[in-house]
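Examining the three-dimensional arrangement
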Amino acid sequence: MSLEEILRRLLTFQGTGELLRLDFVQQALIAGALLALIAGALGPLVVTRHVSFAVHGTSELTFTGAAAALLVSSSLVSVGALVGALVAALVFGLLGLRERERDSVIGAVLAFGLGLGGLFLWLYPGRASNQLSLLFGQIVGVSRNDAWLLGGCAAGVLLVLAMVWRPLLFASVDADVAQARGVPVRGLSVLFAVLVGVATGLAVPTVGALLVLSLLITPAAAAARVTANPVTALLLATLFAEVAVLGGIVASLAPGAPISGYVTAIAFVIYLTCRALGAVQLRRASRPQPTLPAAPAR
Amino acid sequence: MTTRTDHTPARIPARVSAPPAVRLSGARLAYGPRVLWDSLDLDIAPGELLALLGPNGSGKTSLLRVLLGLQPLSAGSVAIRGQPVRRGNRTVGYIPQQRALDPTLTLRGRDLVGLGLDGHRWGFGLPSARRRARVLEALDAVGARHYADAPVGLLSGGEQQRLRVAQALVGDPDVLLCDEPLLSLDLAYQQLVSELIDARRRTAHTAVLFVTHDINPVLPAVDRVLYLVDGSFRIGTPDEVMNSATLSQLYGTDVEVIKVRGRLLVIGTPGNPHQ
């Protein structure tokens, strides 16, 4: 296949208009918008708390849970994914309290979970496309029930996040002082892991395990490059996540390709752009060394 | 010594003797068989600045944790303004050591100070003019207003530590706990930060407990010293504690304290070459 041919296959909008009128496509867009909303809202704290790797681990174990559920019944995939994600989130949330061993434990558990998930898929007698969709995502995977589950969970996650936002931000940026001020730092760490688990569990059956990172981390990492205001970062990350997901779904329609490639590409372009903008901002803002106020005469 | 013995039972508290800002009575802290300190009686008056010195592992930070309500005493009692200590006491401010912050941290100086005001409260925290004004006032008090919108991770250690002072003072505390706030700052900023803390307790009568490994940057402001070494301690004015005889007795070895140009040099403390 020539390069031109490849590009033509990947970048086509022939028939996109008709496809957008289809029910399942619209369901996928709604699901994607809801996912981007939660991911964008949680992302900045994931980046601030340096738990990207734990999110990755959670998404792999979510895949394991979904694959196990697929063996029982294909209608249980969402439930299996949520269970897998919550188990992973609780394990990592409790482990996260001991920062030093966190990395290696996540790595060990993640590899085991991925291997186990692979075995489950091999045991699965059904169509291969179901298997692939758990890893790379496929929008036909979104049923009406999934969309309702997604909507309810998204509302729950956002509500809880709004209720704990201030102390959670405090604990994330400034754990020692937050603890000294009476913020329940450990409890919030576990709660946050559960919120991330719910988001991941919802995302895996729709966008696939590999894509979770590009929704939860890339938009927030991009936002962190252009603003230091935590609330602006929250809004920007949500906007970036929406653009990546909705843009990715629409772009994947005509070629009929898995959406993950499109979503990750858009997210990555946004990230690179924000990095460049941030570098320019920084150069402009670089000021002479801060001066001390006049020292009193000694 | 385990409990406070009331010599004057049912005494009506007189108006003239307001409760001390901090009171430790017969306080003991032990981790298993290891006793950090025992029979510690200490009153800190409003507006008093007490320096807490001692080698690593002598229980300085643990004492702060006790006052923050994060660490229960093994025996004895502890009160802040006559009330038992509890977590998240609004009348206690806390300044930590300066630590390098992530340069990409999405947080501005005004956010850091704002978290000191209401970061412990639940909810999203909608912006209000009153909150904004209090944060700006705290920023002004430490001369940090002009960099209030810069990312905290890009500020120098001294600039960050001024924000820490503002963060601790914005809640208007009666007791200020400082855990080595001057560590890793250069001399000019050490002096500036200790002056800010000194000014606060003079104007607002805030009691200050100042943990430090080097007394010199705060020496002019210190009222009393609590020196902890291996389970024993001395309390007194700097002159009473920071002398060769007292420290030699505390450490159980020959320690010499020399005064050079207003600075105290402590020589011969085991395992603490920096002094």
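Residues numbered from 1 in each chain as written. Chains lettered and ligands numbered in written order. Predicted model: local features only at pLDDT ≥ 70, side-chain atom pairs only at ≥ 80, totals over all residues. Heavy atoms only, no water.

On to the pairing of strand β11 (residues 256-260) of chain B. Here β11(B) pairs with strand β12 (residues 263-267) of chain B via five bridges, running antiparallel. Of the residues in β12(B), the one forming a bridge with B:Val260 is B:Arg263. (Pairing = 2+ DSSP bridges. Helix = DSSP H or I, 4+ residues; strand = E, 2+ residues; numbered from the N terminus.)

Looking now at the sheet that holds strand β4 (residues 75-80) of chain B. Residues and elements named next belong to chain B. The sheet built from four strands is open, its strands ordered β2-β1-β4-β5 with antiparallel pairing. Only two strands of the sheet have a single partner each, and these edge strands are β2 (34-44) and β5 (83-84). Note that strand β1 (residues 22-31) and β2 share seven bridges and pair antiparallel. Counterpart to Ala30 in the pairing with β2 is Val35.

Quick look at the nonpolar core now. Within the largest apolar cluster, 161 residues are counted, with the highest numbers of intra-cluster contacts made by B:Trp37, B:Tyr227, B:Met242 and B:Leu247. For this core, the element with the most residues is helix α8 (residues 144-173) of chain A, which contributes twelve residues. Formed jointly, this core draws a minimum of three residues from each of two domains, domain 1 (1-91 + 174-189 + 203-275) and domain 2 (100-172) of chain B. Contacts of B:Met242, omitting those with residues within four sequence positions, involve B:Leu53, B:Ile215, B:Val225, B:Tyr227, B:Leu247, B:Val257, B:Leu264 and B:Val266. (Core = buried A, V, L, I, M, F, W, Y, C linked by side-chain atoms within 4.5 Å. Buried < 20%, exposed > 50% of the residue type's maximum accessible area, 1.4 Å probe, protein only. Domains from an automatic or database assignment. Contact = heavy atoms within 4.5 Å.)

Residues and elements named next belong to chain B. Read from one edge of the open sheet, six strands run β6-β7-β8-β3-β9-β10, paired in mixed fashion. At either end of the open sheet lies a strand with only one pairing partner, and these are β6 (92-95) and β10 (232-236). Strand after strand, the sheet turns through a mean of 15 degrees between neighbouring axes, direction not considered. Pairing analysis gives four bridges linking strand β3 (residues 49-53) to strand β8 (residues 207-211), with the strands arranged parallel. Note on β8: the bridge partner recorded for Leu50 is Leu209. Here helix α1 (residues 60-67) sits on the sheet in contact with β3, β6, β7 (175-179), β8 and β9 (224-229), set at roughly 150 degrees to β7. (Axes fitted to C-alpha atoms, helices over the stretch in contact; angles between N-to-C directions.)

Here we come to the pattern of salt bridges. Residue and element names in this part refer to chain B. Taken as a whole and judged by the stated rule, the model has 17 salt bridges over all chains. Across the salt bridge formed by Arg131 and Asp118, the nearest N and O atoms sit 2.6 Å from each other. Residue Arg131 is located in helix α3 (residues 129-141), and its partner Asp118 is located in helix α2 (residues 109-118); the two are separated by 13 residues in the primary sequence. Judged by its relative accessible area of 29%, Arg131 falls in the partly exposed class. (Salt bridge = Lys/Arg side-chain N within 4 Å of Asp/Glu carboxyl O.)

To continue, consider the interface of chain B and chain A. How big an interface is tends to be expressed through the accessible area that disappears when the partners come together. Each side of the interface is counted separately: chain B has 43 residues, and chain A has 38 residues. Approximately 3,500 Å² of surface area, both sides summed, lies buried where chain B meets chain A, with 59% of it carried by carbon and sulfur atoms. Of all residues in chain B, B:Thr106, B:Trp122 and B:Phe124 bury the most surface against chain A, accounting for 20% of the area lost on that side. Here B:Asp118 and A:Arg166 are joined by a salt bridge, their closest N and O atoms 3.1 Å apart. Between the two partners, chain B and chain A, sit 13 residue pairs in polar contact (both at pLDDT 80 or more). Put simply, the parts of the chain that give the side of chain B that touches chain A at least two residues each are β6, α2, α4 (157-169) and α5 (187-204) of chain B. Looking at the side of chain B that touches chain A residue by residue, the classes come out as 18 nonpolar, twelve polar and 13 charged. (Buried area = accessible area lost by both parts, 1.4 Å probe. Polar contact = N/O pair within 3.5 Å; in protein donor to acceptor, adjacent residues only side chain to side chain. Nonpolar A, V, L, I, M, F, W, Y, C, P; charged D, E, K, R; others polar.)

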